[in-house]
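Each chain is listed here by its residues.
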Amino acid sequence: MLFRSSLTAPKAPALVAPADEQLQKAEAALQKEDYETAAPLLESYLAHRPTDVSARFNLALAYSMTRRGPQAIEQYTRVLAEQPDLIPAHLNLGMMLRFEEKYDEALKHLEFVVEKQPNHWTALTELGRTLARLKRVPEARAAFEKALKIEPGNVSPRLDLIDLLTDTDPPAA
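I will try to describe carefully the structure that is included in this document. (Residues numbered from 1 in each chain as written. Predicted model: local features only at pLDDT ≥ 70, side-chain atom pairs only at ≥ 80, totals over all residues. Heavy atoms only, no water.)

Attention now moves to helix H1 (residues 18-31). Relative to the 20 Å expected for 14 residues at 1.5 Å per residue, H1 spans 20 Å between its end C-alpha atoms, a close match to the ideal helical length. Of all the positions in H1, only Ala-19, Asp-20, Gln-22, Leu-23, Ala-26, Ala-29 and Leu-30 are classed as buried. Tucked inside the fold, the buried residues of H1 contact helix H2 (35-48) and helix H3 (53-65). Directly after H1, the chain includes Glu-33, whose backbone phi takes a positive value near 60 degrees. (Helix = DSSP H or I, 4+ residues; strand = E, 2+ residues; numbered from the N terminus. Expected span 1.5 Å × (residues − 1). Buried < 20%, exposed > 50% of the residue type's maximum accessible area, 1.4 Å probe, protein only. Contact = heavy atoms within 4.5 Å.)

What follows deals with the packing of H3 against helix H4 (residues 69-82). It is at 8 Å that the axes of H3 and H4 come closest, and there the two elements cross at 155 degrees. In this view, H3 runs roughly antiparallel relative to H4, as classed from their interaxial angle. The two elements H3 and H4 cross, and the hand of that crossing is left-handed. Packed against H3, whose contacting residues are Val-53, Arg-56, Phe-57, Leu-59, Ala-60, Leu-61, Tyr-63 and Ser-64, the element H4 presents Gln-71, Ala-72, Gln-75, Tyr-76, Arg-78, Val-79 and Glu-82 at the interface. Classifying every residue of the contact of H3 with H4 by side-chain character gives 9 nonpolar, 3 polar and 3 charged. (Axes fitted to C-alpha atoms, helices over the stretch in contact; angles between N-to-C directions. Parallel < 35°, antiparallel > 145°, perpendicular 65-115°, else oblique. Left-handed = near helix turned anticlockwise from the far one by under 90°. Nonpolar A, V, L, I, M, F, W, Y, C, P; charged D, E, K, R; others polar.)

As structure tokens, then:
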């Protein structure tokens, strides 16, 4: 699950410019989770307002949700160039990099999130998955176990942990 940023778009003036109309339509599409519609609207808007970090984050999200990993990675990277401490951008970028099998790059973003928010369940689960792919089994196991302590009823890290242990410590699985 990718996360939306808490950034807000600037208020449109009383007379709405074409670019601002595109942003409003894009926001409406995002609210409906219509990422296919939102992406081109945000692209067009950003052509006129390239410094709008919130719109850029939302474009990255739209790309993420429409399976355009390389484009999403590029946009999240640009967002972080402007706001280097934006946790949702680090988390989503880490996830996208993991999906693209760029585990070393993903790791630094996921570790950043866990450092800032040690009980972030999604970040811990994603960190465990990334560490598992890097064959850093004890660290992956610790991340999955911590995620399970936070949300004991969640099946996802439990299944990931079982997969990890089946390959590395069958009796513990």
